[in-house]
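So you can see what is in the structure, the chains are spelled out below.
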Amino acid sequence: QVQLVESGGGLVQAGGSLRLSCAASGRTFSSYTMGWFRQAPGKEREFVAAITRSGSNTYYADSVKGRFTISRDNAKNTVYLQMNSLKPEDTAVYYCAANPTNYNPTNGRNYGSWGQGTQVTVSS
């Protein structure tokens, strides 16, 4: 397994930007598809974005497409989520996760390691 630590959350006004980072331990980071998920109060956890091992393919939820960008730096064992044009409905705890399989990267059940989460709050 890999240990994950998120950072970069905070309070931002609507229309603003934040960049989340997720640092992974271990030497096998490049063998994982990496994903970002979020959970708002009273709601189910939902998929946000994912990136394949080499970074050649990315996936996004429709709600964030065109506003969020996922990227990774395998030399730094880090995955990023650049969030632009933030909306109040983006308010949630954001989780980084690692998927060791080649299965559907949008399904949280395929992810075996999760970070502790970082709070993102967007004020209107």
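Now for a description of the structure that goes with this document.

## Quick notes on the side chain of Glu6
Here comes step 1: Within the secondary structure layout, Glu6 lies in strand β1 (residues 4-7).
Here comes step 2: With no salt bridge to any partner, buried Glu6 finds its closest opposite charge in Arg45, at an N-O distance of 10 Å.
Here comes step 3: Here Cys96 takes part through its backbone nitrogen, which lies 2.8 Å from a polar atom of the side chain of Glu6.

## Focus on the pattern of salt bridges
Here comes step 1: Counted according to the given criterion, the structure contains four salt bridges.
Here comes step 2: As a salt-bridge pair, Asp90 and Arg38 come within 2.9 Å of each other at their nearest N and O atoms. Of this pair, Asp90 sits in the loop between β8 (78-83) and β9 (92-99) while Arg38 sits in strand β4 (residues 33-39), and the two are 52 residues apart along the sequence.
Here comes step 3: Two residues, Lys65 and Asp62, come together in a salt bridge whose shortest N-O distance is 3.1 Å.

## Digging into the sheet that holds strand β7 (residues 68-73)
Note on sheets: strands pair through backbone hydrogen bonds, and any given pair is parallel or antiparallel.
Here comes step 1: The four strands lie next to each other as β1-β3-β8-β7, forming an open sheet whose pairing is antiparallel. Either end of the sheet is taken by a strand with one partner, and the two such strands are β1 and β7. Across this sheet, the average inter-strand angle for adjacent strands is 15°, counted without regard to direction.
Here comes step 2: Across six bridges, the pairing between strand β3 (residues 18-24) and β8 is antiparallel. Counterpart to Arg19 in the pairing with β8 is Gln82.

## With respect to the pairing of β9
Here comes step 1: Counting buried residues in β9 gives six out of eight residues, a clear majority hidden from the surface.
Here comes step 2: Where β4 and β9 come together, seven bridges link them in antiparallel fashion. Directly across from Gln39, in β9, lies its bridge partner Val93.
Here comes step 3: Summarising the sheet, β9 and strand β11 (residues 118-123) pair through three bridges and their orientation is antiparallel. Each bridged residue has a counterpart across the sheet, and for Val93 the counterpart in β11 is Gln119.

## Focus on the pairing of β3
Here comes step 1: Of all seven residues in β3, five are buried, a share of seventy percent or more.
Here comes step 2: Here β1 runs beside β3; their pairing, made up of four bridges, is antiparallel. Within β3, the position partnered with Leu4 by the bridge is Ala24.

## Details of the state of the cysteines
Here comes step 1: Within this structure, the stated rule accounts for one disulfide.
Here comes step 2: For Cys22, the disulfide goes to Cys96, at an S-S distance of 2.1 Å. Here the disulfide of Cys22 and Cys96 is left-handed, its torsion about the S-S bond being about -75°. With a gap of 74 residues between them, Cys22 in strand β3 and Cys96 in strand β9 connect regions that are remote in the sequence.

## Examining the packing of aromatic side chains
Here comes step 1: Applying the stated criterion across every chain, the model contains four aromatic pairs.
Here comes step 2: Between Phe37 and Phe47 the ring centres are 5.7 Å apart and the planes differ by 70°, which places this aromatic pair in the edge-to-face class. You can see Phe37 sitting in strand β4 and its partner Phe47 sitting in strand β5 (residues 46-51), a full ten residues away along the chain. The same class applies to Phe37 and to Phe47, which are both buried.
Here comes step 3: Between Phe37 and Trp114, the aromatic rings sit 5.0 Å apart at their centres with planes inclined by 55°, giving tilted as the arrangement. Here Trp114 lies in strand β10 (residues 113-114) and Phe37 lies in strand β4, a separation of 77 residues in the sequence.

Conventions we followed
- Residues numbered from 1 in each chain as written.
- Predicted model: local features only at pLDDT ≥ 70, side-chain atom pairs only at ≥ 80, totals over all residues.
- Heavy atoms only, no water.
- Helix = DSSP H or I, 4+ residues; strand = E, 2+ residues; numbered from the N terminus.
- Buried < 20%, exposed > 50% of the residue type's maximum accessible area, 1.4 Å probe, protein only.
- Lys, Arg positive; Asp, Glu negative; His and termini not counted.
- Salt bridge = Lys/Arg side-chain N within 4 Å of Asp/Glu carboxyl O.
- Polar contact = N/O pair within 3.5 Å; in protein donor to acceptor, adjacent residues only side chain to side chain.
- Pairing = 2+ DSSP bridges.
- Axes fitted to C-alpha atoms, helices over the stretch in contact; angles between N-to-C directions.
- Disulfide = S-S within 2.5 Å.
- Phe/Tyr/Trp six-rings, centres within 6.5 Å; stacked < 30°, edge-to-face > 60°.

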